[in-house]
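Observations on the model geometry
What follows is the residue order along each chain.
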2 protein chains.
Amino acid sequence: MTELKKEETISCNAKHTPDECNRGIMALEDTLYVIGGKWKLKIINALRTGGSSRFNQLQQTVTGISARILSKELKELELNGFVKRKVYTDTPVVVIYEITPYSDTLETLLNEMIKWGTTHKDKIRKEYKKEL
Amino acid sequence: MTELKKEETISCNAKHTPDECNRGIMALEDTLYVIGGKWKLKIINALRTGGSSRFNQLQQTVTGISARILSKELKELELNGFVKRKVYTDTPVVVIYEITPYSDTLETLLNEMIKWGTTHKDKIRKEYKKEL
DNA sequence: CTGAATCCGCAAGGATACTG
DNA sequence: CAGTATCCTTGCGGATTCAG
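Residues numbered from 1 in each chain as written. Chains lettered and ligands numbered in written order. Predicted model: local features only at pLDDT ≥ 70, side-chain atom pairs only at ≥ 80, totals over all residues. Heavy atoms only, no water.

An unreviewed UniProt entry annotates chain A as HxlR family transcriptional regulator of Pedobacter cryoconitis.

And the structure:
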């Protein structure tokens, strides 16, 4: 039973000044704001690994997304410079979405998330086996 | 105006087999399922940089979260093994939340997100200045 | 085909009050 | 202090329809 004196004893620990903590939280919030949510990373990843794609094909790749949401998300991604929209005005009109070089800055992050998800799932599976 | 033949021409590109794409998407979904959402990463980050913390103090650190949500999120984080809940049954009762070693597996990911958020904000700021 | 517009249900999350 | 219970708002997102 450790002694607890006052609230002040618990705060930022040695490794981080309170300032650094706040900057970290803010930067984290920025990231989550831009690429957070249910779909954005999946769309970027789909375009990254699957190559440029048309609207309907993209909707099939990103399983479960509706046309309305996909449209909205693509707009936001375009605004933030992750995706380029190219229109070929043949008849019928063809629209191609492709990722921009700026999306490459997410490369490390994306790979890290995929790696983490993979090893996490392995861990879960092992724990599940133990229970049998 | 590039020629577009049929849908099949656009699919997984050279770098990835369709199979790899699917595995990537699934792993990504796993990750988002566990640590996605509005609060989880912020809470983990708060405990990581700020050190172990009591409930109310944690609520102050994670700006904007309500007690109800914080309670719920902590429960989920505990279930997934990211957070340990320690109860000291003095009067008044003291409850300390701390991160587990398993949270350390998120270290790289978290740092990567913070780094990305920082440089992204710099980019936005520069673009904003240009517009003036 | 590529979306935009409309309608609507559900669930996440906020505010407040209350308990041990 | 550490939550829980209740109520209520908001917005995400699905289904469908329509337009260019």
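**Looking at the relation of the copies chain A and chain B**
Short version of the rule: The atoms used to superpose the copies are C-alpha atoms, taken from residues with pLDDT of at least 70 in both, and the fit is least squares. By definition, residues are in contact when any of their heavy atoms lie within 4.5 Å.
You can overlay chain A on chain B at an RMSD of 0.1 Å; the transform is a turn of 180 degrees with a shift of 0.0 Å along its axis. As the rotation angle and translation indicate, the two copies are arranged about a two-fold axis. When you check the interface residues of chain A against chain B, 98% turn up at the interface there too, and the contact is symmetric in its surfaces.

**Observations concerning the interface of chain A and chain B**
Stated formally: Each of two parts loses accessible area, computed with a 1.4 Å probe, when they are put together; buried area is these two losses added. Criterion for a salt bridge: a side-chain nitrogen of Lys or Arg within 4 Å of a carboxyl oxygen of Asp or Glu. Whenever a nitrogen or oxygen atom comes within 3.5 Å of another N or O atom, the pair is scored as a polar contact, on the condition that within protein one atom can donate a hydrogen and the other can accept it, and that pairs from neighbouring residues in sequence are kept only if both atoms are in side chains. Secondary structure is summarised from DSSP: a helix means a run of H or I of at least four residues, a strand means a run of E of at least two, and numbering begins at the N terminus for each. Residues were grouped as follows: Ala, Val, Leu, Ile, Met, Phe, Trp, Tyr, Cys and Pro as nonpolar; Asp, Glu, Lys and Arg as charged; and all remaining residues, including Gly, as polar.
Between chain A and chain B, the contact holds 54 residues from the first and 54 residues from the second. Counting the surface lost from both chain A and chain B, the interface buries some 4900 Å², and carbon and sulfur atoms represent 66% of this. On the surface where chain A and chain B come into contact, there are four salt bridges. The partner of B:Lys121 in a salt bridge is A:Asp30, and the shortest N-O contact between them spans 3.4 Å. Along the contact surface separating chain A from chain B lie 12 residue pairs in polar contact (both at pLDDT 80 or more). At the level of secondary structure, the elements contributing two or more residues to the side of chain A that touches chain B comprise α1 (18-35), α2 (40-50), β1 (53-54), α3 (55-61), β3 (94-99) and α5 (107-131) of chain A. By residue class, the composition of the side of chain A that touches chain B is 24 nonpolar, 20 polar and 10 charged.

**What about the protein's contact with DNA strand C?**
The following threshold applies: For this description, a residue counts as near a given molecule or strand if any of its non-hydrogen atoms is within 4 Å of it.
Taken together, 16 residues sit near DNA strand C, with A:Asn56, A:Ser71, A:Arg85, A:Tyr97 and B:Arg68 positioned nearest. Atoms of DNA strand C within 4 Å of the protein: sugar and phosphate make up 67%, bases the balance. In the environment of DNA strand C, a phosphate oxygen lies 3.3 Å from a nitrogen or oxygen atom belonging to the side chain of A:Lys75. Contacts to DNA strand C include A:Tyr97, whose side-chain N or O atom sits 2.5 Å from a phosphate oxygen. For the surface near DNA strand C, the secondary-structure elements that each account for two or more residues are α3, α4 (67-79) and β3 of chain A together with α4 (67-79) of chain B.

**Here we look at the domain arrangement of chain A**
Residue and element names in this part refer to chain A. Here is the rule: In this document the domain limits rely on a domain assignment from an automatic tool or a database.
Here chain A is partitioned into domain 1 (9-37) and domain 2 (39-131). With five residues of domain 1 in contact, the opposing surface of domain 2 contributes seven residues. Both sides of the domain 1 and domain 2 interface together cover about 450 Å² of buried area, and 69% of this is carbon and sulfur. Summed over the three residues of domain 1 that lose the most area to domain 2, namely Val34, Ile35 and Gly37, the buried surface amounts to 87% of that side.

**Topic: the protein's contact with DNA strand D**
In the vicinity of DNA strand D lie 17 residues, with A:Arg68, B:Arg54, B:Ser71, B:Arg85 and B:Tyr97 positioned nearest. Contact between DNA strand D and B:Lys75: a phosphate oxygen at 3.4 Å from a side-chain N or O atom of the residue. In this structure, B:Tyr97 approaches DNA strand D through a side-chain N or O atom, which is 2.6 Å from a phosphate oxygen. Residue assignment for the surface near DNA strand D shows that the elements contributing at least two residues are α4 of chain A together with α3 (55-61), α4 and β3 (94-99) of chain B.

**Focus: the UniProt feature "domain: HTH hxlR-type" (unreviewed entry) in chain A**
Short version of the rule: UniProt positions are given in the numbering used here, feature names are shortened, and annotations may be inferred rather than shown by experiment.
Sequence positions flagged by UniProt for "domain: HTH hxlR-type" (unreviewed entry) are, in local numbering, residues 21-125 of chain A. With 62% helix and 13% strand, residues 21-125 of chain A has its two end C-alpha atoms placed 34 Å apart.

**Some words on the pattern of salt bridges**
All names here are of chain A. The full count for this structure, using the stated rule, is 20 salt bridges over all chains. Put simply, Glu76 and Lys40 hold a salt bridge, and the shortest N to O gap is 2.7 Å. Linking Glu76 in helix α4 with Lys40 in helix α2, this pair joins segments that are 36 residues apart in sequence. The network of salt bridges with shared partners includes Lys40, Lys72, Glu73 and Glu76.

**Focus: the packing of aromatic side chains**
Definition in use: Only rings of Phe, Tyr and Trp enter the pairing, Trp through its six-membered ring, and a pair is recorded when the two centres are within 6.5 Å. The plane angle decides the type: under 30 degrees is stacked, over 60 is edge-to-face, the rest tilted. A 1.4 Å probe rolled over the protein chains alone gives each residue an accessible area, and that area as a share of the maximum for its type sets the label: buried under 20%, exposed over 50%, partly exposed in between. As a reminder, the over-ring test applies to NZ of lysine and CZ of arginine, requiring each to be within 6 Å of the ring centre and within 35 degrees of the ring normal.
Throughout the structure, instances matching the rule amount to six aromatic pairs over all chains. With a centroid separation of 6.3 Å and 40 degrees between ring planes, the pair formed by A:Trp116 and B:Tyr102 is classed as tilted. Placement of the pair is A:Trp116 in helix α5 and B:Tyr102 in the loop between β3 and α5 (107-131), with the two residues belonging to separate chains. As far as burial versus exposure is concerned, A:Trp116 and B:Tyr102 are alike and both buried. The side chain of A:Lys123 reaches across the aromatic face of B:Tyr102, ending 3.7 Å from its centre.

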